[in-house]
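One letter stands for each residue in the lines below.
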Amino acid sequence: MKEMTDEEADALDEYYTKNPPKVDPSKNGGFAKKSFRMVALDRLSEDYLLTKAIATQKTPTELISEMIRERIAASI
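What comes next is a walk through the structure. Because the structure is a prediction, the values reported are computed rather than measured.

For the rest of this paragraph, the subject is the overall build of the protein chain. A tally of helices and strands in the protein chain yields three helices and zero strands. For the protein chain, the N- to C-terminal ordering of α and β elements is α-α-α. Scored against the burial criterion, the 76 residues of the protein chain give a buried share of 5%. When the accessible surface of the protein chain is split by element, carbon and sulfur atoms take 57% of a total near 7,400 Å².

With that settled, the discussion passes to the pattern of salt bridges. Two side chains of opposite charge can pair, provided their charged atoms sit close to one another. Under the counting rule described, the total for this entry stands at four salt bridges. Its salt-bridge partner being Asp 47, residue Arg 43 comes within 3.8 Å of it at the nearest N-O pair. With a gap of four residues between them, Arg 43 and Asp 47 both fall in helix α2 (residues 43–56), about one helical turn apart. Take Arg 43: its relative accessible area is 59%, and that puts it in the exposed class. Asp 47 sits in the partly exposed class, given a relative accessible area of 37%. Across the pair Lys 58 and Glu 66 runs a salt bridge, and its minimum N-O distance is 2.6 Å. Three or more residues are tied together by salt bridges with common partners; here these are Arg 43, Glu 46 and Asp 47.

Procedures and definitions
Residues numbered from 1 in each chain as written. Predicted model: local features only at pLDDT ≥ 70, side-chain atom pairs only at ≥ 80, totals over all residues. Heavy atoms only, no water. Helix = DSSP H or I, 4+ residues; strand = E, 2+ residues; numbered from the N terminus. Buried < 20%, exposed > 50% of the residue type's maximum accessible area, 1.4 Å probe, protein only. Areas by Shrake-Rupley, 256 points an atom, 1.4 Å probe, with all protein chains shown as cover. Salt bridge = Lys/Arg side-chain N within 4 Å of Asp/Glu carboxyl O.

Right under this line is the structure:
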């Protein structure tokens, strides 16, 4: 993943400060998905996921899903 410059981060912060995203909890999507669950990770797991995410350009969620599917397939 490409790192943002300070100028890009400042511009993004200013844009979203002036134009906050509109989220409608009654609609399916955005931050209001009912299937969302929060999980806590230990430091080692967090570091592994973030390092792997950067190396593969995937999100931590994608990596966790892949690992779970691999485990399920291996157990069949």
